[in-house]
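A closer look at the structure
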Amino acid sequence: MRRSLFSKIFLTQVIVALSVIILIIPMIFLLIGEFFVSTQKDEILQDASRVAALTKQLSDVTGDESTWEFFRSGIEYAGRQSSVIVVNGAGDIIAAPKELTGVNLKKIDEDFIAPVKSGKSVIRLYSKGAIFSEQTIVAIVPIIKNDVLTGKRIFLGASVALRAMPVVRHVQRSIITIILLAQIIAWMVAFVISMGLTRQIVKPVKKMSSAAKSIAAGNFNERIPITSHDEIGQLAESFNSMTQSLSELEKMRSTFISDVSHELRTPMTIISGFVDGIIDGTIPREQQGKYLDIVAGETRRLSRLVSDLLEASRLEQGKIKINKTNVDVNRLSTETMITYEQRLTEKNIDVELHLDGEECVALADKDSIKRVLINLIDNAIKFTPDGGSISVTTKRQDKKIYVSIQNSGEGIAQEDLRHIWERFYKSDKSRGIDKKGVGLGLHIVKTIISQHQGEIFAESEEGNFTRFTFVLEEGSKNSGKGD
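Just so it is clear, the structure is predicted and the values come from calculations on it, not from any experiment.

Details of the overall build of the protein
- For the protein, the helix and strand inventory stands at 11 helices and 12 strands.
- Scored against the burial criterion, the 483 residues of the protein give a buried share of 36%.
- Expressed as a percentage of contacts within the protein between residues at least 6 apart in sequence, the contacts between residues at least 24 apart total 68%.
- Carbon and sulfur atoms make up 55% of the accessible area of the protein, which totals about 28,500 Å².

Spelled out as structure tokens, the structure:
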């Protein structure tokens, strides 16, 4: 049987709450009971002490009727909380409540008050027996007078305060009942609040589940309303961010398929048309060589497209491992530029190398950085007009190596600069004079530099120049020789 998230959370809270009740409530009641009994003992002792103090004062005055009436009033006042008996030194009862049940007054004698003759009060719990018909708390306070002439302490008797435990237990049970009812009401309110909070927690999760199913069906426009800033709100925000990323990824996928289809269709149409023309004789024999050269060029273009696609895919998936060594970018830049000597001469391009010292060593993968240089220099040559200029600059700064490739020419519009790293971007707006490229070079460059944890950025001024600069970690000097 599958249980919903709501039932799991709510049942867990109920089980925890019941466990707390089962474990904690008995301990609370026990502590309350002990505290209550301790409080009762203090009250009984105070009652006995008040009557003892009153009795001591009466021993110094004439025992006329008015005095004893005052004395009885005092005992009755004290007896509102406890039953108080006054016993003289011989154990005779000299004052007691008019209505006193559950006590055998004959047993209240000299032996009974003997424990307080030393001058210390006594409070104890007497069991049901010969003296008391119920378990009773008894406080005995000595009545002692100091003799003015001799200075001795004279034991006059004792004040005995009584409170039967059934009465104490009844009050105790009443208090515990009130506390228990308050606890039950509190737990019921807590359960209702818990149920509401659980529903509030589960509700956005249900929405996420529904949205996830919708996304799985291909609808990437689903969004979860964010109603809080707690963990659930953060989860909803992350879910929306993920959905947005999936939506963008789907758009990129669609664009990628469209771009690849476009890039493949054009050369294949050219190849197919010219080959069919040669086969069916539409193209004269004397012109077949010319058109076969075009077919060969388009075939090479297709080969570059497939190779670049595979390389871009392998780079993004991390299948091409970056093996960092110390690479002299001065030497690598010079060697790469030399490989383009023929093209540079054909276009009469002026080349300038501004290299920082004899060596400029970066910690990088040599083959990968060479591919970066090839792509950037090839682009620079491609978009530099005849008679233009290209410069390569290296610089060490703050333990970083900066390599810049700049070319004169039309430049790139500012609104296009942020798009140049995208796959096939050239097929739409950028650098339309590029008829042979496949629009993956800069994307591959960006991916390689990212794998080196480096940076790359482009600057351009329309009608003047374009400059690409990538930044790598500085390596160990002199160890790049031979690379």
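Quick word on the packing of helix H9 (residues 366-383) against helix H11 (residues 441-451)
- Where H9 meets H11, the axes come as close as 9 Å, and the angle between the chain directions of the two elements is 150°. When the axes of H9 and H11 are compared, the crossing they make is left-handed. Listed contacts from H11 to Ser-368, Ile-369, Arg-371, Val-372, Asn-375, Leu-376 and Asn-379 of H9 are Gly-441, Leu-442, Ile-444, Val-445, Ile-448 and Ile-449.

A closer look at the packing of aromatic side chains
- Counting across every chain of the model gives 4 aromatic pairs.
- Among the aromatic side chains, those forming a connected cluster through ring pairs are Phe-112, Tyr-126 and Phe-132.

Considerations on the sheet that holds strand E4 (residues 136-146)
- Strand order in the open sheet formed by 5 strands is E2-E1-E5-E4-E3, and the pairing between neighbours is antiparallel. Each edge of the open sheet carries a strand with a single partner, namely strand E2 (93-95) and strand E3 (122-126). Adjacent strand axes in the sheet meet at a mean angle of 30° when their direction is disregarded.
- The strands that helix H4 (residues 165-216) touches are E3, E4 and strand E5 (153-164); relative to E5, the one it contacts most, it runs at about 50°.

Here we look at the nonpolar core
- If you look at the biggest cluster of nonpolar residues, it comprises 37 residues, and the most contacted ones within it are Ile-369, Leu-373, Leu-376, Ile-405 and Phe-470.
- Of all the secondary-structure elements, those providing two or more residues to this core are helix H7 (329-338), strand E8 (361-364), H9, strand E9 (389-397), strand E10 (400-408), H11 and strand E12 (465-473).
- Considering every element that reaches this core, the biggest residue donor is H9, with 7 residues.
- In this structure Ile-369 touches Leu-332, Ala-364, Ile-449, His-452, Phe-470 and Leu-472, once residues within four positions along its chain are discounted.
- Val-87, Leu-100, Phe-132 and Ala-158 belong to the second largest nonpolar core, which has 17 residues in total.

Describing the pairing of E12
- Within E12, 7 of the 9 residues are buried, which leaves it mostly tucked inside the rest of the structure.
- Bridging between E10 and E12 involves 9 bridges; their strand directions are antiparallel. If you follow Gln-406 over to E12, its bridge partner there is Arg-467.
- Examined bridge by bridge, strand E11 (residues 455-461) and E12 share 7 bridges and lie antiparallel to one another. Residue Phe-457 lies in a different strand from E12, and its bridge partner there is Thr-469.
- Where E11 folds back on E12, the antiparallel hairpin that results is connected by 3 residues, among which Gly-463 adopts a positive phi of roughly 80°.

A look at the sheet that holds strand E7 (residues 350-354)
- If you walk across this open sheet you meet the 5 strands as E7-E9-E10-E12-E11, and the pairing is mixed. Strands with a single pairing partner mark the edges of an open sheet, and in this sheet they are E7 and E11. Taken over all neighbouring pairs, the strand axes of this sheet differ in orientation by 10° on average, direction set aside.
- On the sheet, H7 packs against E7, E9 and E10 and is oriented at approximately 170° with respect to E9.
- Seen against the sheet, H9 touches E9, E10 and E12 and runs at an angle of roughly 20° to E10.

A short note on the side chain of Thr-243
- Structurally, Thr-243 is set in helix H5 (residues 231-279).
- Contact partners of Thr-243, with chain neighbours within four places excluded, come to Ile-215, Phe-220, Glu-222 and Arg-223.

Examining the pattern of salt bridges
- Taken as a whole, this structure holds 9 salt bridges when the rule is applied.
- As a salt-bridge pair, Arg-163 and Glu-43 come within 3.2 Å of each other at their nearest N and O atoms. Of the two residues, Arg-163 is situated in strand E5 and Glu-43 in helix H1 (residues 5-58); the sequence distance between them amounts to 120 residues.
- The exposure class assigned to Arg-163 is buried, which follows from its relative accessible area of 8%.
- Between Arg-50 and Asp-47 there is a salt bridge; the shortest N-O distance is 2.3 Å. On the criterion of helical spacing, the pair formed by Arg-50 and Asp-47 is a turn pair, its members being 3 residues apart in helix H1.
- Under the relative-accessibility criterion, Asp-47 is labelled buried at 1%.

Section: the environment of Pro-385
- If you trace the backbone, Pro-385 turns up in the loop between H9 and E9.
- Looking at Pro-385, the relative accessible area reads 42%, which means it is partly exposed.
- Considering only alpha carbons, one finds Pro-385 and Ile-349, 36 residues apart in sequence, at a separation of 8.0 Å.

Considerations on the confidence of the model for the protein
- Put simply, the protein has an average pLDDT of 80, and 85% of its residues get 70 or more.
- Throughout residues 427-435 the model reports pLDDT below 50, and contacts reaching past four residues in sequence, or to other chains, amount to 16 contacts.

Quick look at H7
- Within the sequence span of H7, burial applies to Val-329, Asn-330, Leu-332, Ser-333, Thr-336 and Met-337.
- Its side-chain oxygen at 3.1 Å from the backbone nitrogen of Asn-330, Asp-328 defines the N-terminal cap of H7.

Details of unusual backbone geometry
- In this model, Asn-348 sits at a positive phi of 55°, which is unusual for a non-glycine residue.
- Positive phi values are uncommon outside glycine, yet Gln-453 reaches one of about 55°.
- As for its position among the elements, Gln-453 is in the loop between H11 and E11.
- Overall, the relative accessible area of 62% leaves Gln-453 in the exposed class.

Here we look at the packing of H7 against H9
- In the contact formed by H7 and H9, the axes pass within 10 Å of each other and the chain directions differ by 50°. Relative to H9, H7 is oriented oblique. Considering how the two elements wind past one another, H7 and H9 form a crossing that is right-handed. Each of Leu-332, Ser-333, Thr-336 and Met-337 in H7 lies in contact with H9, whose residues at this interface are Lys-366, Ile-369, Lys-370, Leu-373, Ile-374 and Ile-377.
- For the contact of H7 with H9, a count of residues per class yields 6 nonpolar, 2 polar and 2 charged.

Cut-offs used in this document
- Numbers given to residues run from 1 along each chain, matching the order in which its sequence is written.
- pLDDT decides what is reported in this predicted model: residues at 70 or higher carry local features, side-chain atom pairs at 80 or more are listed and counted, and totals for whole chains, interfaces and linings draw on all residues regardless.
- Where side-chain values are given, they derive from all heavy atoms of the structure, hydrogens and water being excluded.
- Only runs of H or I of at least four residues qualify as helices and only runs of E of at least two qualify as strands under DSSP, and these elements are numbered from the N terminus.
- Only protein chains enter the accessibility calculation, which uses a 1.4 Å probe; a residue is then buried when its area is under 20% of its type maximum, exposed when over 50%, and partly exposed in between.
- Two residues qualify as a contact provided that any one of their heavy atoms is within 4.5 Å of a heavy atom in the partner residue.
- For the area figures, the Shrake-Rupley method with a 1.4 Å probe applies, and any residue is considered shielded solely by the protein chains shown.
- Angular values range over 0 to 180 degrees, each being the angle between N-to-C directions of two axes fitted as lines to C-alpha atoms, with helices fitted over their stretch in contact.
- Note on convention: near helix rotated counterclockwise from far helix by under a right angle means a left-handed crossing. Clockwise means right-handed.
- Aromatic pairing here means that ring centres of Phe, Tyr or Trp (its six-membered ring) are within 6.5 Å. Orientation follows from the plane angle: under 30 degrees is stacked, over 60 is edge-to-face, and everything else is tilted.
- A pair of strands is treated as paired once DSSP finds two or more bridges between them.
- Only buried residues count toward a nonpolar core, which is a set of Ala, Val, Leu, Ile, Met, Phe, Trp, Tyr and Cys residues joined through side-chain atoms within 4.5 Å.
- Any carboxyl oxygen of Asp or Glu within 4 Å of a side-chain nitrogen of Lys or Arg constitutes a salt bridge here.
- Confidence scores per residue from the predictor, reported as pLDDT, run from 0 to 100.
- As used in this structure description, the phrase polar contact means that two N or O atoms lie within 3.5 Å; if the pair is within protein, one of them must be able to donate a hydrogen and the other to accept it, and residues adjacent in sequence are counted only when both atoms belong to side chains.
- Relative orientations are named as follows: roughly parallel for angles under 35 degrees, roughly antiparallel for angles over 145 degrees, roughly perpendicular for angles from 65 to 115 degrees, and oblique for any other angle.
- Any residue outside Ala, Val, Leu, Ile, Met, Phe, Trp, Tyr, Cys, Pro, Asp, Glu, Lys and Arg is labelled polar, Gly included; the first ten of those are nonpolar and the last four are charged.

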